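Descriptive analysis of the structure
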Amino acid sequence: MRILFDGSALNYRLSGIGYYFYNLFANINKEYPENQYELLLINRRFQDPKMELFCQDKTVHYYEELRKKVFTKIPSSSPIPQYVFRKTDGLINRVIDRFRSLEKNTIFHGQEFLYDRFPRLINTLTIHDLTTELFPAFHTETNLRRSQKRIKFALKHCSLVCSVSQASKRDLLNLYPKFSGRVEVIHESCHPIFDVYKPRDNKSFLEKYHIDPKKPYLLSVCTIEPRKNLKTVLRVFRSLKKKKAYANFQLVLVGGKGWKTESFFRLLERHKNLDDIFLTGYVPLEELPHFYRYAACFLYLSFYEGFGLPILEAMKSACPIVASNTSSIPEVAGDAALLVNPDEEEEALMAIEQVLNDNVLQEDLVKKGLERGKLFNWQKAAKQQIKFYQKLIQLVK
């Protein structure tokens with residue numbers, strides 16, 4: 001098989017979808033080298049030098065360079081000015097599609113920004129979640145338009161699409177019944193760095209982020225954006241700090257700044273315990289497991305997830321979890337977390353106290369988490385993905 005991947009996420013600092021694609025692509029290459037794999041990136045600029053190194057021995061096409069090649073093939077006498085092509089992205093894609101030497105039986109697996117560049121190929125998409133459809137108020141107009149365009153493309157061009165959870169598949173079918181019989185679930189996993197469990201030994205890395213290593217902390221890992229429900233996390237932390245037993249606790253929020261963050265930062269600025277709240281920003285992958293391993297409790301009160309990768313990372317890092325009982329989170333966490341209604345602050349507070357006060361419960365959640373984490377691995381996902389491609393080819397013959 002010849003498979004071309006939308007690798008546009010690799011041009012940026014990796015987060016959820018970026019890590020998903022990087023690990024899927026790496027493991028498919030490793031486990032099934034008999035196939036021909038190629039990458040389509042935006043350009044040769046990488047925010048993470050490790051991704052540039054990763055791509056060096058791969059067959060890579062750069063979209064911006066393809067565009068330039070297309071323009072050189074347009075005769076200067078053409079009645080259509082070249083600037084029209086630059087402003088008409090759909091037309092650009094069709095022209096590129098025509099000039100590329102890709103065979104029509106090539107699979108193009110779309111992911112993020114370049115999913116619609118080759119409509120003549122055998123197209124598929126990974127649809128990670130339906131958050132823009134279910135919670136439009138949480139998103140920018142740009143996000144909403146991009147999501148609608150992606151769904152429209154998938155309905156027209158994809159005989160099969162991937163979903164990363166049964167919950168997301170149900171949402172997709174409820175909202176778009178025309179996808180019936182066209183959705184396959186392939187659970188993702190997290191980076192292999194989380195599979196190597198290391199006992200707690202040294203908290204000194206916390207000082208880099210001005211976090212007091214002598215004090216315990218609650219942890220949340222996510223982009224700062226409305227869907228993640230971090231305002232509730234702040235309010236729950238304020239209630240926890242009112243109690244003498246938890247007066248020395250800290251709150252650590254790991255993740256970059258997203259969109260529609262104004263109300264979150266207004267609440268943060270007025271927080272009575274601001275000195276005990278730490279926003280680390282984007283954290284390199286190598287340091288992320290340490291944050292989980294030293295946390296007293298991982299708190300994830302997201303309103304909606306397509307999969308919930310931080311839940312799996314916390315389980316594999318032996319960290320007890322309190323999380324939302326919504327969307328895909330119960331599917332991933334199983335009985336390895338205390339699940340609560342993300343709208344009920346008191347319920348979340350009680351669950352956190354239950355975890356912090358009960359050593360037996362902590363040990364039980366950690367044990368179950370480590371065991372459940374074994375159900376999710378990239379070797380299994382790669383095997384399922386190859387079978388998915390084989391099925392897709394049979395469907396379009």
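What counts and what doesn't
Residues numbered from 1 in each chain as written. Predicted model: local features only at pLDDT ≥ 70, side-chain atom pairs only at ≥ 80, totals over all residues. Heavy atoms only, no water. Helix = DSSP H or I, 4+ residues; strand = E, 2+ residues; numbered from the N terminus. Contact = heavy atoms within 4.5 Å. Areas by Shrake-Rupley, 256 points an atom, 1.4 Å probe, with all protein chains shown as cover. Buried < 20%, exposed > 50% of the residue type's maximum accessible area, 1.4 Å probe, protein only. Pairing = 2+ DSSP bridges. Axes fitted to C-alpha atoms, helices over the stretch in contact; angles between N-to-C directions. Parallel < 35°, antiparallel > 145°, perpendicular 65-115°, else oblique. Expected span 1.5 Å × (residues − 1). Phe/Tyr/Trp six-rings, centres within 6.5 Å; stacked < 30°, edge-to-face > 60°. Lys NZ or Arg CZ within 6 Å of the ring centre and 35° of its normal. Polar contact = N/O pair within 3.5 Å; in protein donor to acceptor, adjacent residues only side chain to side chain. Core = buried A, V, L, I, M, F, W, Y, C linked by side-chain atoms within 4.5 Å. Arc of directions from axis to C-beta. Salt bridge = Lys/Arg side-chain N within 4 Å of Asp/Glu carboxyl O.

1. Details of the overall build of the protein chain
- Counting secondary structure elements, the protein chain contains 16 helices and 13 strands.
- In the protein chain, once contacts between residues fewer than 6 apart in sequence are set aside, the share between residues at least 24 apart is 69%.
- Roughly 18400 Å² of accessible area belongs to the protein chain as shown, and the carbon and sulfur atoms make up 50% of that amount.

2. Section: the pairing of strand S5 (residues 122-127)
- Across the 6 residues of S5, 6 count as buried, placing the element largely inside the fold.
- Neither face of S5 is exposed, since Ile122, Thr124 and Thr126 on one face and Asn123, Leu125 and Ile127 on the opposite face are all buried.
- Relative to S5, strand S4 (residues 107-110) runs parallel, the two being bridged by 4 bridges. Note on S5: the bridge partner recorded for His109 is Thr124.

3. Looking at unusual backbone geometry
- For Asn229, which is not glycine, the phi torsion reads 60° and is therefore positive.
- Looking at where Asn229 falls in the secondary structure, it is placed in the loop between strand S8 (217-221) and helix H9 (230-241).
- By relative accessible area, which is 4% here, Asn229 ends up buried.
- Its identity is not glycine, yet Lys260 carries a phi of approximately 50°, on the positive side.
- Relative to the helices and strands, Lys260 resides in the loop between strand S9 (250-254) and helix H10 (262-269).
- Under the relative-accessibility criterion, Lys260 is labelled partly exposed at 38%.

4. Here we look at the sheet that holds S8
- Taken in spatial order, the 6 strands line up as S10-S9-S8-S11-S12-S13 in an open sheet, and their pairing is parallel. Each edge of the open sheet is held by one strand with a lone partner, namely strand S10 (277-281) and strand S13 (338-340). Here the average twist between neighbouring strands, direction ignored, is 20°.
- Where strand S11 (residues 297-300) and strand S12 (residues 321-324) come together, 3 bridges link them in parallel fashion.

5. Looking at the packing of helix H1 (residues 16-31) against helix H16 (residues 378-396)
- Running from N to C, H1 and H16 point in directions that differ by 80°, and their axes come no closer than 9 Å. The angle between H1 and H16 falls in the class roughly perpendicular. Contact residues: Tyr20, Asn23, Leu24, Asn27, Ile28 and Glu31 in H1; Trp378, Gln379, Ala382, Gln385, Ile386 and Tyr389 in H16.

6. Observations concerning H9
- An ideal rise of 1.5 Å per residue puts 16 Å on 12 residues; H9 measures up with 16 Å between its terminal C-alpha atoms.
- Residues Leu230, Thr232, Val233, Leu234, Val236, Phe237, Leu240 and Lys241 constitute the buried set of H9.

7. Side note on the packing of aromatic side chains
- Tallied over the entire structure, the rule returns 25 aromatic pairs.
- Each member of the aromatic cluster is reached from another via a ring pair, and the members are Phe5, Phe21, Tyr22, Phe25, Tyr37, Phe54, Phe388 and Tyr389.
- One cation-aromatic arrangement involves Lys58 over Phe54; the distance from NZ or CZ to the ring centre is 4.0 Å.
- A cation sits over an aromatic face here: Arg117 above Tyr63, 4.7 Å from the ring centre.

8. Quick look at the side chain of Ser8
- Mapped onto the elements of the fold, Ser8 is located in the loop between strand S1 (2-6) and H1.
- What makes Ser8 buried here is its relative accessible area of 0%.
- With residues near it in sequence (within four places) discarded, Ser8 still touches Leu40, Leu41, Ile42, Glu112, Phe113 and Leu114.

9. Concerning the environment of Asn35
- In this fold, Asn35 is placed in the loop between H1 and strand S2 (36-41).
- Taking relative accessible area as the criterion, Asn35 reaches 13% and is therefore assigned buried.
- On a C-alpha basis, the gap between Asn35 and Arg2 in space is 6.1 Å, while along the polypeptide they are 33 residues apart.
- The residues touching Asn35, leaving out its near neighbours within four places in the chain, are Met1 and Ile386.
- Here the side chain of Asn35 touches Tyr37 through a polar contact of 2.9 Å, side chain to side chain.

10. Structural notes on the nonpolar core
- Core analysis: the biggest nonpolar cluster contains 103 residues, and Phe5, Leu10, Leu219, Phe291, Phe298, Ile311 and Val322 have the highest contact counts within it.
- It is H16 that contributes the most residues to this core, 8 residues altogether.
- Setting aside its immediate chain neighbours within four residues, Ile311 contacts Phe298, Tyr300, Ile321, Ala323, Ile329, Val332 and Ala333.
- Grouped together as the second largest cluster of nonpolar side chains are 13 residues, Ile151, Leu172, Phe179 and Val183 included.

11. Things to note about H16
- Between its first and last C-alpha atoms H16 spans 27 Å; for 19 residues at 1.5 Å apiece the expected length is 27 Å, and the two agree.
- Turning to H16, its buried residues number three or more, namely Trp378, Ala381, Ala382, Gln385, Ile386, Phe388, Tyr389, Leu392 and Ile393. Looking straight down H16, one finds that the buried residues subtend no more than 155° of arc, so they occupy a single side.
- N-cap assignment for H16: the residue whose side-chain oxygen lies 3.2 Å from the backbone N of Gln379 is Asn377.

12. A closer look at the pairing of strand S3 (residues 59-62)
- Here S2 runs beside S3; their pairing, made up of 4 bridges, is parallel. Across the sheet, Leu40 pairs through a bridge with His61, a residue of S3.

13. What to know about the pattern of salt bridges
- All told, the structure shown has 20 salt bridges when counted by the stated rule.
- One salt bridge in this structure joins Glu287 and Lys208, with 2.6 Å as the shortest N-O distance. Taken together, the positions of Glu287 in the loop between S10 and helix H11 (288-294) and Lys208 in the loop between strand S7 (183-185) and S8 put the pair 79 residues apart, joining distant regions of the chain.
- A relative accessible area of 18% means that Glu287 is categorised as buried.
- When the shortest N-O distance is used, the salt bridge between Lys368 and Asp335 registers 3.8 Å. A residue pair is termed long-range when its members are at least 10 positions apart, and Lys368 in helix H15 (residues 359-373) and Asp335 in the loop between helix H13 (329-333) and S13 qualify at 33 residues.
- Residue class for Lys368 comes out partly exposed when judged on its relative accessible area of 30%.

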